[in-house]
Amino acid sequence: MTRATRKKFASRIGAIIGVLTLATIFVLLGLWQLDRATELKASLALARTVDAKTISLDSIATPNTSLAPNAINRTVSFSGRYVGQYKAANQIDGAGQVADWEVGVMQVGQSSAILVVRGLWSERRLAPESSQSESVTVEGLLLASQTTDRGQNSLAQISRLDSAVIIAATDLDLYDGYVLAGSEILDGAQEERSGLSAEKLRSRIPGFYWQHLSYVVIWWLMAAVVLYLPFYRRKVEP
């Protein structure tokens, strides 16, 4: 084999390896995009699922631990006493209405606490019936923590519904997420609470399901083009 032949052979091997590598990358990108589409579809289905059966908070959530996907949108019940109150500004309910919400910090047990949305800030009671010495039983919807700020943090206001923003203000072990209260029971009397509906949940995976599928087709089409180009080139070359 002459030097020129060896050089030509090595060039062809390099070209084949390059083509196969590029095609493999496009195929893997398509598989990754397909996984994203599957995860997006599953997360959207989970966000739309609301289990009306009431369960205890501690049976599905643990302080200082992220909420499991199957804990979100569950109706929970728990008892405790309010040890703090904040305004959560610029909150959006399920109807798209923007308002400031009243958020209580409820101590549950000896050492844990959770954020509870009690209603509109404008309708809060300046002398609330549930003082820090009284036990209250709450029933409501357990929701995931918000990830974007809606306002500023201050002594009386939190920037988003997320226990992480009040870690420095309490020594209690905090539950992840927050509860949108539907009712409270105080001294045996039940009172309807927030009257608010949860903001429509969005998947943390950006984009739309069909958009991800279209990218899958594009990636795999590019892989096919890369594999076909060498044969096309040999066909058109004299």
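Quick note: structure is the one above.
Residues numbered from 1 in each chain as written. Predicted model: local features only at pLDDT ≥ 70, side-chain atom pairs only at ≥ 80, totals over all residues. Heavy atoms only, no water.

**Quick notes on a nonpolar patch on the surface**
Moving on, step 1. Judged by side-chain polarity, Ile13, Ile16, Ile17, Leu20 and Leu227 come together as a nonpolar surface patch covering roughly 440 Å² of accessible area.
Moving on, step 2. The leading source of residues in the nonpolar patch is helix α1 (residues 3-47), at 4 residues.
Moving on, step 3. Of the residues examined, Ile16 reaches a relative accessible area of 48% and is grouped as partly exposed. (Patch = residues over 30% accessible without salt bridge, like charges linked within 9 Å, V, L, I, M, F, W, Y side chains within 5 Å. Areas by Shrake-Rupley, 256 points an atom, 1.4 Å probe, with all protein chains shown as cover. Salt bridge = Lys/Arg side-chain N within 4 Å of Asp/Glu carboxyl O. Helix = DSSP H or I, 4+ residues; strand = E, 2+ residues; numbered from the N terminus. Buried < 20%, exposed > 50% of the residue type's maximum accessible area, 1.4 Å probe, protein only.)

**Observations regarding the side chain of Glu184**
Moving on, step 1. The topology assignment puts Glu184 in strand β7 (residues 173-186).
Moving on, step 2. At a separation of 2.5 Å, a polar atom in the side chain of Glu184 contacts the side chain of Tyr82. (Polar contact = N/O pair within 3.5 Å; in protein donor to acceptor, adjacent residues only side chain to side chain.)

**What to know about the environment of Leu143**
Moving on, step 1. With respect to the helices and strands, Leu143 occurs in strand β5 (residues 136-143).
Moving on, step 2. For Leu143, a relative accessible area of 2% translates into the label buried.
Moving on, step 3. Linking Leu143 and Gly177, residues 34 residues apart in sequence, is a C-alpha distance of 5.5 Å.

**Describing the nonpolar core**
Moving on, step 1. Phe78, Ile114, Val138 and Leu142 are the most contacted members of the largest nonpolar core, which totals 20 residues.
Moving on, step 2. Contributions of two or more residues to this core are made by β2 (74-92), β3 (98-108), β4 (112-120), β5 and β7.
Moving on, step 3. Looking at this core, the element that brings in the most residues is β7, giving 4 residues.
Moving on, step 4. Here Val138 is in contact with Val76, Ser77, Phe78, Tyr82, Met106, Val116, Val179, Ala181, Ser183 and Glu184, once residues within four sequence places are set aside.
Moving on, step 5. Residues Ala113, Leu143, Leu161 and Leu174 belong to the second largest nonpolar core, which totals 18 residues. (Core = buried A, V, L, I, M, F, W, Y, C linked by side-chain atoms within 4.5 Å. Contact = heavy atoms within 4.5 Å.)

**Notes on the pairing of β7**
Moving on, step 1. Most of β7 is tucked away: 10 of the 14 residues are buried.
Moving on, step 2. As judged from the 5 bridges shared by β4 and β7, these two strands associate in the parallel manner. Bridging from a neighbouring strand, Ser112 pairs with Asp173 of β7.
Moving on, step 3. Where β5 lies against β7, 7 bridges are found, and the strand directions are antiparallel. Its bridge partner lying in β7, Leu141 is registered against Leu180.
Moving on, step 4. Sheet topology places β7 next to strand β8 (residues 189-192); 4 bridges connect them, and they run antiparallel. (Pairing = 2+ DSSP bridges.)

**Topic: the packing of aromatic side chains**
Any aromatic ring pair is given by two values, namely how distant the centres are and how the planes are angled relative to each other.
Moving on, step 1. Overall, the coordinates contain 1 aromatic pair when judged by the stated rule.
Moving on, step 2. Judged by centre distance (5.9 Å) and plane angle (25°), the rings of Phe26 and Trp219 are stacked. Of this pair, Phe26 sits in helix α1 while Trp219 sits in helix α2 (residues 209-236); the two residues are 193 residues apart in sequence, bridging distant segments of the chain.
Moving on, step 3. In this structure Trp219 comes out as partly exposed when scored by relative accessible area, which is 23%. (Phe/Tyr/Trp six-rings, centres within 6.5 Å; stacked < 30°, edge-to-face > 60°.)

**A closer look at unusual backbone geometry**
Moving on, step 1. For Asn64, which is not glycine, the phi torsion reads 60° and is therefore positive.
Moving on, step 2. For Asn64, the location among the structural elements is in the loop between β1 (51-56) and β2.
Moving on, step 3. Unusually for a residue other than glycine, Asn73 sits at a positive phi of about 70°.
Moving on, step 4. With relative accessibility at 4%, the residue Asn73 sits in the buried group.

**Points about the environment of Leu142**
Moving on, step 1. You can see Leu142 is positioned in strand β5.
Moving on, step 2. Exposure remark for Leu142: the relative accessible area of 0% places this residue in the buried category.
Moving on, step 3. C-alpha separation for the pair Leu142 and Leu57, spaced 85 residues apart in sequence, amounts to 8.5 Å.
Moving on, step 4. Discounting chain neighbours no more than four positions away, the residues touching Leu142 are Leu57, Ile60, Leu67, Ala71, Ile72, Asn73, Arg74, Val76, Ile114, Asp176, Tyr178 and Val179.

**Side note on the pattern of salt bridges**
Moving on, step 1. Under the defined criterion, the tally for this structure stands at 4 salt bridges.
Moving on, step 2. Salt-bridge contacts for Arg118 lead to Glu184; the nearest nitrogen and oxygen are separated by 2.8 Å. Taken together, the residues Arg118 in strand β4 and Glu184 in strand β7 connect sequence positions 66 residues apart. Accessibility classification places Arg118 together with Glu184 in one group, the buried group.
Moving on, step 3. Between Arg160 and Asp149 there is a salt bridge; the shortest N-O distance is 2.7 Å. Taken together, the positions of Arg160 in the loop between β6 (157-158) and β7 and Asp149 in the loop between β5 and β6 put the pair 11 residues apart, joining distant regions of the chain.
Moving on, step 4. Connected through shared salt-bridge partners, Glu102, Arg118 and Glu184 make up one network.

Function-wise, these values are silent; they only describe arrangement.
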